[in-house]
Amino acid sequence: MSLVEVSELHRVFRLGSRGRASAADVTAVNRVSFSIDRGESVGLVGESGSGKSTIARILVGLERPDSGEVRLGGVDRLAPARGREARLARARAVQMVFQDPNGSLDRRLTVAETLGRAMRLHGIAASSADARTRTLALLDRVGLSERHADAKPHELSGGQRQRVAIARALAVEPELLVLDEAVSALDVSVQAQVLDLLSDIRQETGVGYLFVSHDLAVIQEVCDRVLVLYRGTVVEEGTTAEVLGAPEHAYTKLLISSTPGPGWDPERVVRDRMSFTQAIALDQV
Ligand SMILES: Nc1ncnc2c1ncn2[C@@H]1O[C@H](COP(=O)(O)OP(=O)(O)OP(=O)(O)O)[C@@H](O)[C@H]1O
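Remember, it's a predicted structure, so these values are computed and weren't measured experimentally. (Residues numbered from 1 in each chain as written. Predicted model: local features only at pLDDT ≥ 70, side-chain atom pairs only at ≥ 80, totals over all residues.)

Attention now moves to the overall build of the protein. Of the regular secondary structure elements, the protein holds twelve helices and ten strands. Radius of gyration (C-alpha) of the protein: 20 Å, near the 19 Å computed for a compact globule of 285 residues. Considering only C-alpha atoms, the protein reaches an extent of 65 × 50 × 40 Å along its principal axes. Evaluated residue by residue, the protein yields a buried proportion of 36% over its 285 residues. Counted over contacts in the protein with a minimum sequence separation of 6, partners at least 24 positions apart contribute 65%. (Helix = DSSP H or I, 4+ residues; strand = E, 2+ residues; numbered from the N terminus. Rg over C-alpha atoms; globule rule 2.2 N^0.38 Å. Buried ≥ 20, exposed ≤ 12 C-beta atoms within 10 Å, placed from the backbone. Contact = placed C-beta atoms within 7 Å.)

See the structure below:
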């Protein structure tokens with residue numbers, strides 16, 4: 001059995017008055033199905049507005065679908081959780097790392113307080129001494145030291161803050177990490193270090209990743225498999241090597257040709273995009 005099984009996930013944002021159906025409604029997620037095995041890293045790629053974050057938010061529990069199923073370890077994540085313990089267990093199992101650690105870390109708390117709070121909330125640490133020991137081990141795990149434990153977020157660099165966000169997510173020993181553009185705000189060398197770190201953590205802990213990114217180079221680095229989303233629909237999926245190395249769908253080809261690299265021709269990208277949009281309009285894709 002897979003760690004995560006998502007089937008026929010569907011979410012429409014109703015933009016008409018009083019939630020009534022209207023021509024302006026946005027189908028953010030259109031009958032999306034996929035699975036993630038234990039220790040597997042699955043990428044979700046697509047341009048802005050393709051529905052990546054909505055899927056990520058549904059998995060974490062920040063958003064509800066109109067229909068569809070999400071199972072983690074066989075357990076229905078969308079069914080009502082009875083009682084505080086059940087709600088906490090559900091929250092603990094799937095942790096999210098956001099693009100902007102500034103928004104997700106409490107600026108009033110030191111790093112040790114942030115990690116300690118997460119561990120206490122989920123009953124991970126037996127005492128404050130235990131929390132401190134675990135905090136230092138986690139910081140070491142993400143390439144930070146004791147010096148950083150007593151710092152507040154503004155005293156850290158962007159890359160260090162993102163390491164803290166990853167440490168906080170790992171502090172509660174999740175089964176799945178949802179990383180939503182988690183390295184997009186970092187400069188390229190720091191990005192490479194954090195991607196290495198994520199690969200090591202996955203190997204050591206067996207945690208699964210849902211890795212949301214618009215950046216194909218990042219997806220190539222960390223994902224075993226990838227799903228390509230276009231306007232809420234999965235248009236192509238397969239191993240990362242298959243999808244990025246020998247794309248079949250016109251949209252995947254367009255995404256790849258839009259990525260700057262040697263021999264990149266922006267004018268050709270604009271022409272390809274126009275032909276793709278016309279083909280979509282004529283239902284030829
Ligand atoms: N709360 C909301 N209310 C109305 N529309 C929304 C809401 N959230 C998302 N949408 C719409 O749903 C679609 C998918 O949005 P989503 O944020 O999932 O895309 P994305 O691929 O993550 O984009 P980005 O890469 O820009 O974050 C977009 O058209 C967006 O405008």
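Here the focus is the UniProt feature "domain: ABC transporter" (unreviewed entry) in the protein. Within the UniProt annotation, "domain: ABC transporter" (unreviewed entry) is assigned to residues 4-256. Across residues 4-256, helical content stands at 42% and strand content at 24%; the span's end C-alpha atoms are separated by 28 Å. (UniProt positions renumbered as here; feature names shortened; annotations may be inferred.)

Before going further, it helps to examine the sheet that holds strand E4 (residues 67-72). Pairing is antiparallel in the open sheet, where four strands are placed in the order E2-E1-E4-E5. Taken across any chain shown, the strands that pair with only one partner, and hence form the sheet edges, are strand E2 (26-36) and strand E5 (75-76). Bridge count between E4 and E5: two bridges; the pairing is antiparallel. Bridge pairing links Arg71 to Asp76 in E5. (Pairing = 2+ DSSP bridges.)

This brings us to the environment of Val4. Position of Val4 among the secondary structure elements: in strand E1 (residues 4-13). Under the C-beta neighbour-count criterion, Val4 is labelled buried, with 24 such atoms within 10 Å. Between the C-alpha atoms of Val4 and Leu59, which are 55 residues apart in sequence, the distance is 9.2 Å. Residues contacting Val4, with those up to four places away along its chain left out, are Ser35, Ile36, Leu72, Leu176 and Gly208.

Close to the ligand lie Phe13, Val26, Ala28, Gly46, Ser48, Gly49, Ser50, Gly51, Lys52, Ser53, Thr54 and His214. Broken down by secondary-structure element, the contributors of at least two residues to the shell around the ligand are E2 and helix H1 (52-60). Ranked by residue count, the leading element in the shell around the ligand is H1, at three residues. Classifying every residue of the shell around the ligand by side-chain character gives three nonpolar, eight polar and one charged. (Near = placed C-beta within 6 Å. Nonpolar A, V, L, I, M, F, W, Y, C, P; charged D, E, K, R; others polar.)

Attention now goes to the environment of Arg77. With respect to the helices, strands and loops of the structure, Arg77 is situated in the loop between E5 and helix H2 (83-93). With residues up to four places along the chain from it excluded, the contact list for Arg77 reads Gly61, Val70, Arg71, Leu72 and Arg90.

You can read the domains of the protein as domain 1 (4-240) and domain 2 (249-285). Contributions of two or more residues to the side of domain 1 that touches domain 2 are made by strand E9 (225-230) and strand E10 (233-239). Taken together, the residues of the side of domain 1 that touches domain 2 sort by class into five nonpolar, no polar and one charged. (Domains from an automatic or database assignment.)

Turning to the nonpolar core, a few remarks are in order. If you look at the biggest cluster of nonpolar residues, it comprises 69 residues, and the most contacted ones within it are Leu176, Val178, Leu210 and Val228. Residue contributions to this core peak at seven residues, all from helix H7 (residues 158-171). Setting aside chain neighbours within four positions, we find Val228 in contact with Val45, Gly46, Val234, Val235, Glu236, Glu237, Val243, His249, Tyr251, Thr252 and Leu255. (Core = buried A, V, L, I, M, F, W, Y, C linked by C-beta atoms within 7 Å.)

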